[in-house]
Amino acid sequence: MNSTIETILNHRSIRKFKDTKLTDDQIHTIISAAQQASTSSYMMAYTIIGITDPEKKAALAEVSGHPHVTQNGHLLIFCADLKRPIQQATNEQYQQMLPNLENSEHFLVSAIDAALAAQNAAIAAESMGLGMCYLGSIRNNLDRTDEILGLPQHVIPLFGMALGVPDHKPETKPRLPQSAIYYENEYPCYENDVKQFDEEIAAYYQSRSSNNRKDTWSEQMIRRFSEPMRMDVTQLVQKKGFNKR
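As annotated in an unreviewed UniProt entry, the protein is Oxygen-insensitive NADPH nitroreductase from Halobacillus amylolyticus. The annotation that UniProt attaches to the protein under Sequence similarities (unreviewed entry) is "Belongs to the flavin oxidoreductase frp family."

If you want it as structure tokens, here you go:
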């Protein structure tokens, strides 16, 4: 097993960071790694915003509700960005492009491009001995996040990433068995795999060193999808010119 695979397999979310800011060289390396991610049709349909303004960090922390939005070595926000492809377009060209800019296909493309870039950034950071945690919680109030960042039409915030020197070492969280994720040729029946994983994750929650609880993966998913969540996201996404067709 090589060091790259070891880095990937040892991933864990870090939510407590030492009070050490990332250097410019570290940030440059992480962003360079992000930029080398695969991108659909060479669009590079994303923008990464580094948040260094304490007031903006505090405002984003208020949206998120998580302390590691402010207490980290560096904060990144990943955005879907379809504004850049129209920078040099005339108004006539823009009107011709609009149906494509607003369709579901290019909403998916821009979100996937951003996610691929982010995962490259995450692996790069972890390979440098840093920790990271994704922040979907910036979507708790997407209108407010959009306002804080001052994003133009055809650009929307998707998620954040807190980076820094780890100040704790949580256990690696179990994943579903490969037999419940990878199949050949057709969609399988994986009921038994999920049941066995529920037993494994229940034991993990009972035995881990912090935040012990009685829970299973299936119970978490049932709770998550049983209550309406971030129902305003569609409205903001469509208002900014995404996923309208």
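There's plenty left to go through after this.
1. Some points on unusual backbone geometry
Leaving glycine aside, a negative phi is the common case for residues, and trans is the common case for peptide bonds. A positive phi angle, near 75°, is found at Asn185, a position not held by glycine. Here Asn185 is to be found in the loop between strand E4 (155-164) and helix H7 (191-207). Asn185 gets classed as exposed once you look at its relative accessible area, which sits at 85%. Positive phi values are uncommon outside glycine, yet Arg230 reaches one of about 50°. When you line up the elements, Arg230 lands in the loop between helix H8 (217-226) and helix H9 (233-239). Since its relative accessible area comes to 22%, Arg230 is described here as partly exposed.

2. Examining the environment of Pro99
Mapped onto the elements, Pro99 comes out in helix H4 (residues 91-101). Accessibility expressed as a relative area gives 37% for Pro99, which makes it partly exposed. Sequence separation between Pro99 and Cys79 is 20 residues; the distance between their C-alpha atoms is 20 Å.

3. Quick notes on the sheet that holds strand E2 (residues 74-81)
Across the sheet, which stays open at both edges, the four strands sit in the order E1-E2-E4-E3 with antiparallel pairing between neighbours. On the outer flanks of this sheet lie strand E1 (46-51) and strand E3 (131-135), each paired with one strand and no other. Between one strand axis and the next, the sheet turns by 25° as a mean value, whatever way the strands run. Sheet topology places E1 next to E2; six bridges connect them, and they run antiparallel. What sits directly across from Tyr46, in E2, is Ala80. Set on the sheet, helix H2 (residues 24-35) makes contact with E1, E2 and E4; between it and E1 the angle comes to about 165°.

The rules behind each value
- Residues numbered from 1 in each chain as written.
- Predicted model: local features only at pLDDT ≥ 70, side-chain atom pairs only at ≥ 80, totals over all residues.
- Heavy atoms only, no water.
- UniProt positions renumbered as here; feature names shortened; annotations may be inferred.
- Helix = DSSP H or I, 4+ residues; strand = E, 2+ residues; numbered from the N terminus.
- Buried < 20%, exposed > 50% of the residue type's maximum accessible area, 1.4 Å probe, protein only.
- Pairing = 2+ DSSP bridges.
- Axes fitted to C-alpha atoms, helices over the stretch in contact; angles between N-to-C directions.
- Contact = heavy atoms within 4.5 Å.

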